[in-house]
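Summary of structural features
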Amino acid sequence: MNLMKAIKWIDFLLIVLVAGCIPYRSAWEGDRNQFVGKKLDPVLILEEGSYGAKYGSYFFNYHVERRFYKVISEGEFMRYFIIYGGPCRYSILLDKGNVMVSWRYETDKRGRCTVH
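Now for a description of the structure that goes with this document.

Digging into the nonpolar core
Counting residues in each nonpolar core, the largest one holds 16 residues, and the members touching the most others are Leu40, Phe59, Tyr90, Ile92 and Met100. Those elements giving two or more residues to this core turn out to be β2 (77-85), β3 (88-94) and β4 (100-105). Here this core takes four residues from β3, the largest share from any one element.

Below is the structure:
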């Protein structure tokens, strides 16, 4: 009987832990979504204590070197590729006035893109 109680307790803990991880990815996506339609300076994104200090660590994880690993032109737009941490990669698209048009994942491992 004690074994059954222990198994139920472990099941309960696993459900709570898994459920606790779900909002973190949603929050991570919301962090990026809040900048769509806002003017951003790509140079300030890279500077320590700029957007990171004002808004938190929205563009880079605290343990990652702040740099764009690739920048490409898409017509009148510029796409900046960012490593948030580990396998989590994404890009932001800025128009010629540096207004963020959109962002997208650049990785298949989206589950690793979470707020820490």
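Moving on, there is more to tell.
A word on the pattern of salt bridges
The final tally for this structure, using the stated rule, is three salt bridges. Put simply, Glu76 and Lys96 hold a salt bridge, and the shortest N to O gap is 3.7 Å. One end of the pair, Glu76, is in the loop between β1 (68-74) and β2; the other, Lys96, is in the loop between β3 and β4, and 20 residues separate them in sequence. Between Glu106 and Arg104 there is a salt bridge, with its nearest N and O atoms 2.5 Å apart.

The rules behind the values
- Within each chain, residues carry numbers counting from 1 in the order of the written sequence.
- Per-residue local features are limited, in this predicted model, to residues with pLDDT of at least 70; the limit for side-chain atom pairs, both in listing and counting, is 80 or more; totals at the level of whole chains, interfaces and linings are taken over all residues.
- The basis for every side-chain value is the complete set of non-hydrogen atoms in the structure, without hydrogens or water.
- In this description, a nonpolar core means a group of buried Ala, Val, Leu, Ile, Met, Phe, Trp, Tyr and Cys residues linked to one another through side-chain atoms lying within 4.5 Å.
- Under the scheme applied here, a residue whose accessible area is under 20% of the maximum for its type counts as buried, over 50% as exposed, and between as partly exposed, the area being computed with a 1.4 Å probe on protein chains only.
- Think of it this way: any DSSP run of H or I at least four residues long counts as a helix, any run of E at least two long counts as a strand, and we number them from the N terminus.
- Each reported salt bridge corresponds to a side-chain nitrogen of Lys or Arg within 4 Å of a carboxyl oxygen of Asp or Glu.

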